[in-house]
Amino acid sequence: MPDQNDFFEYVRTDQGVPSADPRVIDIALLDMNHSWPNVGHDSIVHAVLECAESLAPQSSGLKVRVLSFDVRRRIAIPAAAGGRFELYIGTGGPGYLDPRQNDGVSEFAQGIRETDAWEAPLFRLFDSIIGHPTAALIGVCHTFGLMCRWSGAAHPELRGEKSSGMPLNVLSSAANDHPWFSRFANALPDHRHFRVVDNRLFDLVLDGGGVTPIAFEDEHSGTITMAELARDGEMPRVWGVNHHPEIVDREHLLAVLREKLAHGEVSTGWYEERSHTLENEMVGEAERQSRLTSEYTFLGVLRHHLRRQIEEKSGSALSRAV
């Protein structure tokens, strides 16, 4: 976990939510991992840190603070959009996308036994975000699946075989007409196919309207892998991906994986599955392609919404000072 500094802070809210501060931009991190071993949560925190660092010269002394809420295990849901929070990021996580199916025994439950008590308040939070003109939500993997269930855009189907490694996905025709994702298409060699870092048991099969599909698993299936539910100018405002664009820094992540294994936090099989992708697939041209995917599907979107908040709050701070 990154150190605290003048422009960034990370707080786990298990022991309570710190008071709001007019000089702090609070970002709500929806932790969907149910205490399951993962590297995605910390990778998102690092991504916010790096974005905050790049924007620090514009921030007029403001601090960016990530507040992490344990949604599924502690039923911790942040406040609705329109008050303290305007940017929410949801992580990946284990188990079935309907908590009622997670009995702790079924293979797809991955050992998770949980209540569905968090689902209704989380879906009310999603309602508040999509209904607020400037609030943003970026959903990764499990969170994206929940967004699809909440919106009715797609339903989960258990895969015959887990998707892992760095497969190709394909942009939809809507991506070519999108002000942001058309740039992504133009940066790809064939303007369509791109690499993702994948680790998932479920497909999300498109059901109907309400979303703009931006990418599919392949040209022939209805399995969506990226979708926009609302837009802010040229950028997605409510946005989800069914892969892991937060996995960017290969060397750092390998070090984290080795540390988790050495401390007995994870099994050898868990370690080998993830380190194999980083050591054998996320190299050379594949690593460059993965970074490109991360920039357009996660980092660029995150940077846009964080910059907007910094500019808005900096202007307010300067007005008060004058």
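Our structure is the block above this text.
To keep things clear, this report deals only with the structure shown in the data block.

What counts, and where the lines are drawn
- Residues numbered from 1 in each chain as written.
- Predicted model: local features only at pLDDT ≥ 70, side-chain atom pairs only at ≥ 80, totals over all residues.
- Heavy atoms only, no water.
- Phe/Tyr/Trp six-rings, centres within 6.5 Å; stacked < 30°, edge-to-face > 60°.
- Buried < 20%, exposed > 50% of the residue type's maximum accessible area, 1.4 Å probe, protein only.
- Axes fitted to C-alpha atoms, helices over the stretch in contact; angles between N-to-C directions.
- Helix = DSSP H or I, 4+ residues; strand = E, 2+ residues; numbered from the N terminus.
- Parallel < 35°, antiparallel > 145°, perpendicular 65-115°, else oblique.
- Contact = heavy atoms within 4.5 Å.
- Nonpolar A, V, L, I, M, F, W, Y, C, P; charged D, E, K, R; others polar.
- Pairing = 2+ DSSP bridges.
- Right-handed = clockwise from strand over helix to strand, strands pointing away.

What follows covers the packing of aromatic side chains. In total, this model carries 10 aromatic pairs according to the counting rule given. Aromatic pair Phe85 and Tyr88: ring centres 5.8 Å apart, planes at 55°, arrangement tilted. Using a relative accessible area of 2% as the deciding quantity, one classes Phe85 as buried. Here the aromatic residues Trp180, Phe184, Phe194 and Tyr296 are joined through ring pairs into a cluster of three or more.

Pairs of packed helices are described in terms of their axes, by the angle between the two and the distance that separates them. As a packed pair, helix α3 (residues 119–131) and helix α4 (residues 142–151) sit with axes 11 Å apart at the nearest point and diverge in direction by 80°. Compared by their axis directions, α3 and α4 come out roughly perpendicular. Facing α3, whose interface residues are Glu119, Leu122, Phe123, Phe126, Asp127 and Ile130, α4 presents Thr143, Leu146, Met147, Arg149 and Trp150. Looking at the contact of α3 with α4 residue by residue, the class counts come to 7 nonpolar, 1 polar and 3 charged.

Alternating residues of strand β4 (residues 87–90) divide into Leu87 and Ile89 and Tyr88 and Gly90, and every residue in both groups is buried. Relative to β4, strand β2 (residues 24–31) is paired through 3 bridges, and the arrangement is parallel. Bridge pairing in β4 places Leu29 opposite Ile89. Summarising the sheet, β4 and strand β5 (residues 136–140) pair through 4 bridges and their orientation is parallel. The residue bridging Gly90 from the neighbouring strand is Gly139, located in β5. Between the parallel pair β4 and β5, the chain is carried across by α3, and the sense of this crossover is right-handed.

Interpretation note: all reported values are geometric properties and have no functional meaning in isolation.
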